[in-house]
Every structure is written in structure tokens, then in C-alpha cells.
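What follows is each chain in one-letter form.
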Amino acid sequence: MELQTKALHAGYEKGPEGTMAVPIYQTTAYEFRDTEHAANLFALKELGYIYTRLNNPTTDVFEKRFAELEGGEAALATSSGMSAIFFAIANSAEAGDNIICARQLYGGSLTQTAHTLKRFGIEARFFDVHAPEQIEALVDDKTKVIFFESLTNPSIDVADIEAITKIANKYGILTVVDNTVATPVLCRPFEFGADISVHSASKYTTGQGLAIGGVLVERKGLLEKLKANPRYAHFNEPDNSYHGLVYVDVPLPPFTLRARLSLLRDIGAVVSPFNSWLFIQGIETFTLRMREHSKNALLLSEFLESHPKVKKVNYPGLKSNSNYENAQKYFDGGACSGLLSFEVDSLEEATKIVDATELYSLVVNIGDSKSIITHPASTTHQQLSPSELIACGAPAGLIRISCGLESIIDLIADIKRALEA
Ligand code: PLP
């Protein structure tokens, strides 16, 4: 089935009512037929619904649909992108272990890995996403995850997914890819050897900035990598918190199964059924929107590149961009999503341009159908010194745009006016 068909149909079978829209099961709990039924559900002898912190019929459709789009075996929805990332790591590593992360990560992922997980006893070691060869020197027998973004936010780099997963596979280490910005419409990391993908569903999934949520997807056949792998004893030994269950012995996708039964149960960062329903509505137009976002972003980048006030434009779809080759390799048709940035001479000039735009909203978000403009040096990165700003790829004159779905004629006209004001 083609992606656009899956986006409309995957994971949903109509009930006797023939309901065209996926119903919202806005419920906390589910009645058992009798005590035997209840006992069977808890023992996994029968699959069904127990309590919405663990599973829910509306969320099921969202999970199945997202897994299909990504080309994975199963998915777990979570309350946010940050909790999906936390679950992917906490399902792999424990105190005393380490994870290897790309330096070019979303700010929240950097603080989670470098600071919060450190307090849980998990050490983060960093490599440059442009230099996967740095990874091997960081690996030891306590390394449990290699974590990176396929299309990085905010630096807008494209990871060489195959080069990274090849190194991970040499050591039997799990790779976790944040595929939020690229989306499964443009990039499917499992086709290039990745094991787990995570997403902030808060961005392009609804596409309208409607809800916070996340999703974690497991690739097909991950069982083989986990089975008897000494790095992942907790998948191969009885789980005392679940009456001795051995995850690799159950005929269900083991990574999402453990994340659900153990982490979602105990940490409880569950998505609401209503938000799952919003994500399902968004997914119906996912493929159409991502092509338009990419088309608009490329045209806007080309305009900016030709403007005398602009020093540099970062968009992987531009032939001048150092990520161009990776973008052609990893993104369908070389379409690169809606995120771009450009640099002008100074902080003063950048803030003047941002304030002069009318169509672009000054918001720290991405992936909305309405265009968004941000100036990292005065907002998300304001505590950094000028040299630190340059080192992390956000110099004082950098402006980031999440290109929306407005007419490109209006988007160019507004930025041109702001540049020349
Ligand atoms: N990953 C990326 C690439 C992001 O851009 C974000 C948020 O901006 C997140 C994860 C976190 O997602 P959420 O805000 O849904 O927790």
C-alpha cells in the first residue's frame, strides 16, 4: 500500500456502525467480562483493554497508523516527544550505563541526555553528527544507545543514517533516531538500518499546532538483535515486576511491549485519547502537507539565497548546502521538510527583520501550517556568549523559519518587505 493510502486507512477497522471517522474512546477504564477474563488480560494470555494508562482503542489506531507509515512493527504513543525519547533510552539503559548522542540535538533532548539522565546514573557521550567515525572511540560494553536526529533541529543538518547504524550494528547497540522534523513521509530510518524511531507528534503530525504528544516506533525484526544480546539482559531475563515475564519469549514486538508494560505503567506519561484522535486527523493529510512544506521551504530558501542582505541560507534542499548529498540519499525525492535558517549581519539587523514580518508568527515551535519565525540568539539561546553562539551553529544574526502552507507568493513578499524595511 502507498503511504497516502496508509495515512487514510491503516490501523482502523470499522465496527458494526460503519463509523467513517475513528471514534474517540474517551474513557479511563474497561469492564472485564468476569474474573477469568481480567486475569487473562493481566497475564497476556488474551489481549485487550484494561486501563487507558496502558492502552486505548483510539490510541491503538494512532499507534498502528504511525507504525505503518514509518515501516515499523509496532508503536507506543506517549504524552510528548520528550517522554518518547525518555522511554526509548530508559527502555535500553540503566544506572551505570552510557549512551552516545549526536551533539546536534533539539535543546530539550540535550538537557534530558546531558543533565537529567546523568542524575539517573546514565552518562551521555557526544559525537559530531558530521563525523560518525567519532562514535567508535566512545563505545564500551556499557553503551546501550546511539541517539541522533535524522534532520536536526535547530542546526538543520542531515545525519548519515547508514554510516551511524553500521557502527552500531558492529557492536550490537540499539540506534534511536528522532525523526520529528523529517517525518515518516520524507524519511524512513528503518530502511537505512535504524532500530527505534521517536517523534514529537506535537509538530507536523497534526500540522496545526493543536496538541502535545509523542510516539516511539520499533522496527520489524528487532527481536533478533535483542535476543541473547548481553547488552540487553533485561529483555532476556525474567522481569520480576511483571511476574517473571521474559520479553524476548513473548510473540509480541519486545521493545514496545516492555516500554508499555513496564515504563508506561510505572511512569504514566500517556497520551490522551482526544490527542490521539487529533493526530489521526492530521495524519490523513500528512503526505500532502509535507510535500507542500518542502516545496515552499525550497522556494523561500532560493529567494533568500539571492537577496543581497542575506549572508548564508541553511536548507538541505539547496545545492549549495553541505547536507545536500545526504538529503538526496535519505529523503524521498530530496524533499527536506519546512525548516530553514538564514543569517544576516548582526543581532540588531536580525531582530529588526523578525519584528518587521507580518505573516510569520514569532513563536518557539515548528511544524505548524502557519509560518513561524524565531531568533535563537534573543530567545532559546540568549544565555550563550557570541563565541558559544557561533560554536552551536546559532550566530547572533541567525533567523530560523518553520515554513508553513501559506502561498509562497505571500511568504516571499513579506520576508522581502521585512528585509528591505
Ligand atoms: N524532538 C525534536 C526534534 C523537537 O523539535 C522537539 C520539540 O521541539 C521535541 C523532540 C520535543 O517534543 P515535545 O515538545 O512534543 O515534547
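Not measured: the values here are computed from a predicted model. (Residues numbered from 1 in each chain as written. Predicted model: local features only at pLDDT ≥ 70, side-chain atom pairs only at ≥ 80, totals over all residues. Heavy atoms only, no water.)

1. Describing the sheet that holds strand β3 (residues 123–127)
Note: strands within a sheet are paired through backbone hydrogen bonds, in either parallel or antiparallel orientation. The strand order across the open sheet formed by seven strands is β1-β7-β6-β5-β4-β2-β3, and the pairing between neighbours is mixed. Sheet topology places β1 (74–78) and β3 at the edges, where each strand pairs with a single neighbour. Direction aside, neighbouring strands of the sheet carry axes that sit 20° apart on average. Pairing between strand β4 (residues 143–149) and strand β5 (residues 174–178): five bridges, direction parallel. Counted as the bridge partner of F147 is V176 from β5. Contacting β2 (98–102), β3 and β4, helix α5 (residues 107–119) runs over the sheet at an angle of about 140° to β3. (Pairing = 2+ DSSP bridges. Helix = DSSP H or I, 4+ residues; strand = E, 2+ residues; numbered from the N terminus. Axes fitted to C-alpha atoms, helices over the stretch in contact; angles between N-to-C directions. Contact = heavy atoms within 4.5 Å.)

2. Overview of the site of the ligand
Lining the immediate environment of the ligand, one finds 13 residues, of which G81, N153, D178, S200 and S202 sit closest. Here S200 contributes a side-chain N or O atom positioned 2.8 Å from an oxygen atom of the ligand. K203 is positioned with one of its side-chain polar atoms (N or O) 2.9 Å from an oxygen atom of the ligand. Look at the ligand: alone it shows 390 Å² of surface, and the protein chains cover 92% of it. For the shell around the ligand, the element with the highest residue contribution is helix α4 (residues 81–90), accounting for three residues. Counted by class, the shell around the ligand contains three nonpolar, seven polar and three charged residues. (Near = heavy atom within 4 Å. Polar contact = N/O pair within 3.5 Å; in protein donor to acceptor, adjacent residues only side chain to side chain. Areas by Shrake-Rupley, 256 points an atom, 1.4 Å probe, with all protein chains shown as cover. Nonpolar A, V, L, I, M, F, W, Y, C, P; charged D, E, K, R; others polar.)

3. Observations regarding the pairing of β4
Of all seven residues in β4, seven are buried; the element is thus mostly enclosed. One ladder, built from four bridges, connects β2 with β4; its direction is parallel. Each bridged residue has a counterpart across the sheet, and for I99 the counterpart in β4 is V145. The β-α-β motif built from β4, the intervening helix α6 (residues 161–170) and the parallel element β5 has right-handed crossover chirality. (Buried < 20%, exposed > 50% of the residue type's maximum accessible area, 1.4 Å probe, protein only. Right-handed = clockwise from strand over helix to strand, strands pointing away.)

4. So, the side chain of R260
Position of R260 among the secondary structure elements: in helix α10 (residues 254–267). Within the structure, the side chain of R260 is placed 2.8 Å from the backbone oxygen of L54, a separation counted as a polar contact. In contact with R260, other than residues within four places in its own chain, are L54, N55, E63, A75, L76 and R265.

5. Description of the domain arrangement of the protein chain
One can read the domain layout of the protein chain as domain 1 (3–281) and domain 2 (287–419). One C-alpha centre belongs to domain 1, the other to domain 2, and the line joining them spans 29 Å. Domain 1 puts 31 residues into the contact, and the matching count from domain 2 is 32 residues. Interface of domain 1 and domain 2: buried area, both sides summed, is about 2700 Å²; carbon and sulfur atoms make up 58% of it. The largest per-residue losses of area from domain 1 upon contact with domain 2 belong to I156, L186 and Y204, which jointly make up 30% of the total buried on that side. Run the count over domain 1 and domain 2 and you get two salt bridges. (Domains from an automatic or database assignment. Buried area = accessible area lost by both parts, 1.4 Å probe. Salt bridge = Lys/Arg side-chain N within 4 Å of Asp/Glu carboxyl O.)

6. Description of the sheet that holds strand β8 (residues 312–314)
Spatial ordering of the open sheet is given by β8-β9-β12-β11-β10, a layout of five strands whose pairing is mixed. The two strands at the open ends of the sheet, each matched to only one other strand, are β8 and β10 (361–362). In terms of strand pairing, β10 meets strand β11 (residues 372–374) through two bridges, oriented parallel. Residue pairing in the sheet places S361 in a bridge with I372 of β11. Each of β8, β9 (339–343) and β12 (398–402) is contacted by helix α12 (residues 286–305), which is oriented at about 10° to β9, the strand it contacts most.

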